[in-house]
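Observations on chain architecture
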Amino acid sequence: MKAVFLLYNALMIALACLCCPLWLPLVCLREKYRKTFLGRLWMQGLENSLASTEVWIHALSVGEVLSAEPLVKALAGKYGAENLVFTASTHTGHQTAMRVIAPHVRAVRHFPYDTLFSVNRALRVVRPRKIVIVETDLWPNFLFRLNRCRIPVYLANARLSGRSYRGYKRIAFVMQPIFCIFRRICVQAERDRERFLDLGLPAGKVVLAGNLKFDQPPVTLPDDERGRLQAALGLRAGEPVWVAGSTHPHEEEILGRALLKVREYGVDVALIIAPRDPKRADDVCDAFRRLGLEAITLGRLENRERPSGAVVVIDRIGILRRLYALADVTFVGGSLVNEGGHNPLEPASVARPVLFGPHTDDFDWISRTLERAGGALRVSDAEQLGAEIEKLLKDKPKRDQIGNLAYGVFESHQGAVARTLTIVGEQSR
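Residues numbered from 1 in each chain as written. Predicted model: local features only at pLDDT ≥ 70, side-chain atom pairs only at ≥ 80, totals over all residues. Heavy atoms only, no water.

On to the sheet that holds strand E3 (residues 107-110). The strands making up a sheet associate through backbone hydrogen bonding, with each pair oriented either parallel or antiparallel. With parallel pairing, the seven strands of this open sheet are ordered in space as E3-E2-E1-E4-E5-E6-E7. Each end of this open sheet is capped by a strand with a single partner; those strands are E3 and strand E7 (206-208). Sheet twist, expressed as the average angle between the axes of neighbouring strands with direction ignored, equals 20 degrees. Across the sheet, helix H4 (residues 62-79) touches strand E1 (53-59), strand E2 (84-88), strand E4 (128-134) and strand E5 (153-158), and the angle it forms with E2 is around 170 degrees. (Pairing = 2+ DSSP bridges. Helix = DSSP H or I, 4+ residues; strand = E, 2+ residues; numbered from the N terminus. Axes fitted to C-alpha atoms, helices over the stretch in contact; angles between N-to-C directions. Contact = heavy atoms within 4.5 Å.)

Below, the structure written as structure tokens:
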């Protein structure tokens, strides 16, 4: 382990020397780096700084923060909100945590850079008794320092996609000692457990706990809130709605061609697109316009009438799950392009039919489970997507059946939070 630590830091120093002239201008010019730099370099102090923190919970970005929400609530119920600190690495993850996590913890902070200077500062500020990392975001200096200080660390909601597994397998001599620092690794599915064991981890260290995403409370839309959201989106009464969430570059063009196919069938549907990166909203609008489709961002649409047939592009975070609850049919992005897909449980949790493309490696078990249960449909291209959307919009009983089957999968796999909470509460090593 010491050899890995020395090699890692030697590489870090070399990269810092090489990349510093390029990285510093990026920090100054790019908002997402500029807004996180000081917080990650030098963690801001906490109120009552002499008090230790029972549990420090960390998540990488928006998806992981949302996955962590039910676990954080459960930990707050067990240890008290005043004894929890939460960190996120990205600017959008931190924004999301301030919205959904902050009421349940003592403080929300940016995760430190993986330098000994920043890591030691963060540990002095937080003074954790134990650490829970949700899903991923593994930093060797941070983990080595926890091991040196004998602070137990747990990996919750862990998964190993095929791509990650193959990569880790090639450098197992590095990853095995890093993963062995964790007291327990709580995996989502049996396939994940097998992959961790194949990396050389002891069987007792890897525990099948289930997927925290199944324990997300389903979103409900009261009639008044539904009406306000429909008005903000410029939807007409009774107009069918197709929501495509977490889309990526080049995927919107495929969705645009699918929309044209749906309209060729004589079906009028309002398409609402929520790009994975809301800052791409104007670019997404341009992509639809190049196909001859009118498009407008939500920000520009507010307080004015939606142009007839216009695609609405969401330019903010935090409303996707409510949009899914408003939809008649849904598509989960990152799957028609090779980005690994995104979480199909969000539309499943509100009993909506789920469609996705062939690339769902990051959510492989969930996607295949929904497919086998009849709660999701996998499509390969714009023509097939358009055909499936058209059939579903014309057949409400079929839509309801698929949506109910999707919700059945979501409901039947709950319980990961309770199992993870029990494991984190263990005292023996």
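Moving on, we come to the packing of helix H12 (residues 251-264) against helix H18 (residues 382-394). Running from N to C, H12 and H18 cross one another at 45 degrees; their axes reach a closest spacing of 8 Å. Viewed along their axes, H12 and H18 adopt a mutual orientation that is oblique. For the crossing formed where H12 meets H18, the hand is right-handed. Residues Ile 254, Leu 255, Arg 257, Ala 258, Lys 261 and Val 262 of H12 pack against Ala 382, Glu 383, Leu 385, Gly 386, Ile 389 and Glu 390 of H18. (Parallel < 35°, antiparallel > 145°, perpendicular 65-115°, else oblique. Left-handed = near helix turned anticlockwise from the far one by under 90°.)

Here the focus is helix H10 (residues 190-198). Restricting attention to buried positions, one finds in H10 the residues Asp 192, Arg 195 and Phe 196. Projected down its long axis, H10 carries its buried residues within an arc of 100 degrees, all on one side. In this fold, the buried residues of H10 make contact with E5, helix H8 (162-170), helix H9 (172-179), strand E6 (184-187) and E7. Phi turns positive, to about 100 degrees, at Gly 200, one or two residues after H10. (Buried < 20%, exposed > 50% of the residue type's maximum accessible area, 1.4 Å probe, protein only. Arc of directions from axis to C-beta.)

An order of E10-E11-E9-E8-E12-E13-E14 is seen for the seven strands of this open sheet, with the pairing classed as parallel. Bordering the open sheet on either side are strand E10 (295-297) and strand E14 (376-378), each of which pairs with just one other strand. Each adjacent strand pair in this sheet contributes to an overall mean axis angle of 20 degrees, direction not counted. Relative to strand E9 (residues 270-275), strand E8 (residues 241-247) is paired through six bridges, and the arrangement is parallel. Paired with Val 243 across the two strands is Ile 272, which belongs to E9. Against the sheet, H12 touches E8, E9, strand E11 (311-313) and strand E12 (329-332), its axis set at about 165 degrees to E8. Against the sheet, helix H17 (residues 364-373) contacts strand E13 (354-356) and E14, and its axis sits at roughly 110 degrees relative to E14.

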